[in-house]
Amino acid sequence: MITLDEVTKTYPLGKGSSVPAIRGVNLEISQGEFVLIVGRSGSGKTTLLNLAAGLTQPTSGKVMIDGTNLWDLTDQQQSFLRSQRIGFVFQFPSLLPTLTVLENVILPTMFSSKQEAAQAHDRATGLLQKVGLADKLAAYPRQLSAGQQQRVVIARALMNQPLMLLADEPTSNLDEKTELEIMDLFHDLHASMGITIVMVTHMRQLVSYGTRAVEMANGQIVNNRASYEVPHN
Amino acid sequence: MNAFQLAWKNISGNAFRNGVVSLCALLLSAFALFTTLVMRGAETSLRLTIDRLGADIVVVPEGSEAKIESALLMGIPARFWMPEENLHKLSAVQGVDVVSPQLYLATLTGAECCSVSDMFMIAYDPGSDFTVQPWLKGEMGNGLRLGEVVGGNYISATDGEQNIQVYGYLVTLKENLEPTGTGLDQTMFLTFDTAYDIASKSKSQAKSTLVIPPDSISAALIKVAPGNDPHAVAIEIMQNVPGVTPIESSDLFQSYRKQMTGLLKSILVILSVTWGLSVVLIGLVFSMAANERRKELGVLRALGATRRFVFQSLLAEASLLAFFGGATGLAVAGLAIFLFRKLIMVSLDIPFLLPSPVSLLVQIGVGLLLALFSVNLAALFPAFKISRQDPAVAMRE
């Protein structure tokens, strides 16, 4: 499904110097997997996720989704592919503050050809029901707790019926109880919908939620094995 | 939801940016409308006055050029005289077709015997007149009789009556002329007979006598014979009739035109500086606002928005702000001009006529376009820059 082939990403620092974030990474993620990318801060986890989604261009190497090199596509094709196949859950509050909860969830349909307006409304309502926020349709993000906001983001990520969810530290700003609720939600989505999930986290104890754990250090994959094989601390 | 609706939602989210951009758009459009309305209004007034005058050349006593301009444009009563015999000399000049004399008179100031104070009056000779009479015949079917007058647009008799008291003499207001925005709006037109009758009766009926020196006229209006160049005829007059100044209608109000040109240049400089500063300011504010929303725009890109969508969305926001700011500015400027047009005329010392509804709509449209163009121009670079940014970098910062 997603293939990273000898991917390198270097960030320029100015005055001709640069810092490597990802160094010659090879990774293949198949349909239906729940992959957790773990590692310390600065190990390159988020950059790897962004590369996989086409949100940043690799310095070298190829990023392929279903055999198509993302960077052979035009911006329009790439954006369309993202809207159709990938749902995002970010670490930071990513809801648009001027839109209501319902409008935020419907937002991705603007960039997709999948749904009519009425259909989108029904689906968004259903998704918000699924994440336990059916009574918050008209609320604005500022009126929600951090955990509720993250649930809305997950509903938004599912709006276009993506084939995979990419989540970047989705629980890092949440308390322990909410963190577990959100992780349970991801687990349920994976189990009930068979959706592919790639999640970045620095919390090794969450590895048990996934089917595979990829451990990164210094921009390289240092471990890539089934979750049950990874020690949780 | 589409890009426009999203932009509409977003403009409620940044009060500082909205305030600055709308204010700039407001100032630009208001200034632009004010300038065009005043300058075009003044130009229209001059043109209408020249048309109303209907002569190719106006001949006045030497040194009276400024006085006649002030009288016709600003309604400041003028009194100057030249010998009536000049009419014969003028008729003899090659290229002159018709010569018609006029008397320039004024009502008394604050006198009980006058119901109007210090008003300019133009008396014409029905026998030779080719400017007032054709209009009167078109409007009333005949000329003025003894004791009758027509007034400029601002002239009115009290309380529904038709009579106006001048030097203790009651004249009947027969008709009002279309507005010109000039002194002609405050001027009464009457025949020589009426003028002389008023002068005669004023000796017994008025506080002061209306004096018309014998065998004198104030000005002579000249119609040039077909095929003749008014400029050449004016030169002939200068050479053959001493003590007079011929003013070609195209040269009339030259001092006002120069004054208006100077005013226009100053306004254009101020407008250009304001425009330049506004564009720079809006550009900076948009850059700041776009930077603040980097993450949000990065999220949109992650959700599937194209670079073009982000670019268009930001410009749509700019357009909405420009529209509302611009529309408010136009309304404010329009209202200010309507309410304070007399003050504008006096303070800028120029004639002014409100434009027709169509012309006003065109000028409002131009004002709005200027606001839209300026704001979009200012937002263009920040919008382009932010739309080209790597979404991952945008979300990280």
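Residues numbered from 1 in each chain as written. Chains lettered and ligands numbered in written order. Predicted model: local features only at pLDDT ≥ 70, side-chain atom pairs only at ≥ 80, totals over all residues.

**Some remarks on the overall build of chain B**
Counted only if it meets this: Under the DSSP-based scheme used, a helix requires at least four consecutive residues in state H or I and a strand at least two consecutive residues in state E, with every element numbered from the N terminus. A radius of gyration in this sense is built from C-alpha atoms; the matching globule rule multiplies 2.2 Å by the number of residues raised to 0.38. By definition, residue pairs are in contact when their C-beta atoms, positioned from the backbone, come within 7 Å.
Each helix and strand counted, chain B has 13 helices and 11 strands in total. Here the C-alpha atoms of chain B give a radius of gyration of 30 Å, more than 25% beyond the 21 Å that 2.2 N^0.38 yields for 397 residues. Oriented by its inertia axes, the alpha-carbon framework of chain B measures out at about 95 × 50 × 35 Å. Taking as baseline every contact in chain B between residues at least 6 positions apart, the subset at least 24 positions apart corresponds to 81%.

**Structural notes on unusual backbone geometry**
For Gln161(A), which is not glycine, the phi torsion reads 50 degrees and is therefore positive. With respect to the element layout, Gln161(A) can be found in the loop between helix H5 (146-158) and strand E7 (164-168).

**Observations regarding the sheet that holds strand E7 (residues 169-176) of chain B**
All names here are of chain B. Basically, it comes down to this: By this definition, two strands are paired if DSSP reports at least two bridges between them. Every axis in this analysis is a line fitted to C-alpha atoms, fitted for helices over the stretch in contact. Angles between the N-to-C directions lie between 0 and 180 degrees.
Strand order in the open sheet formed by 9 strands is E6-E7-E5-E8-E4-E3-E10-E1-E11, with mixed pairing between adjacent strands. This sheet does not close on itself; its edge strands, each paired only once, are strand E6 (163-166) and strand E11 (244-248). Here the strands of the sheet are splayed against their neighbours by 35 degrees on average, with no regard to which way each runs.

**What to know about the packing of helix H8 (residues 254-292) of chain B against helix H12 (residues 357-388) of chain B**
Residues and elements named next belong to chain B. Keep this limit in mind: Angular relationships are summarised with four words: roughly parallel below 35 degrees, roughly antiparallel beyond 145, roughly perpendicular across 65 to 115, and oblique for the angles in between. Take the far helix as the reference: if the near one is turned anticlockwise from it by less than a right angle, the crossing is left-handed, and if turned clockwise, right-handed. When residues are sorted by character, Ala, Val, Leu, Ile, Met, Phe, Trp, Tyr, Cys and Pro go into the nonpolar class, Asp, Glu, Lys and Arg into the charged class, and all the rest, Gly among them, into the polar class.
Interhelical geometry of H8 versus H12 gives an angle of 30 degrees and a closest axis separation of 8 Å. Here H8 is positioned roughly parallel relative to H12, judged by the angle of their axes. For H8 against H12, the interelement crossing comes out right-handed. Of H12, the residues touching H8 (which contributes Trp275, Ser278, Val279, Ile282, Gly283, Phe286, Ser287 and Ala290) are Ser374, Val375, Leu377, Ala378, Ala379, Phe381, Pro382, Ala383 and Ile386. Split into classes, the residues belonging to the contact of H8 with H12 amount to 13 nonpolar, 4 polar and no charged.

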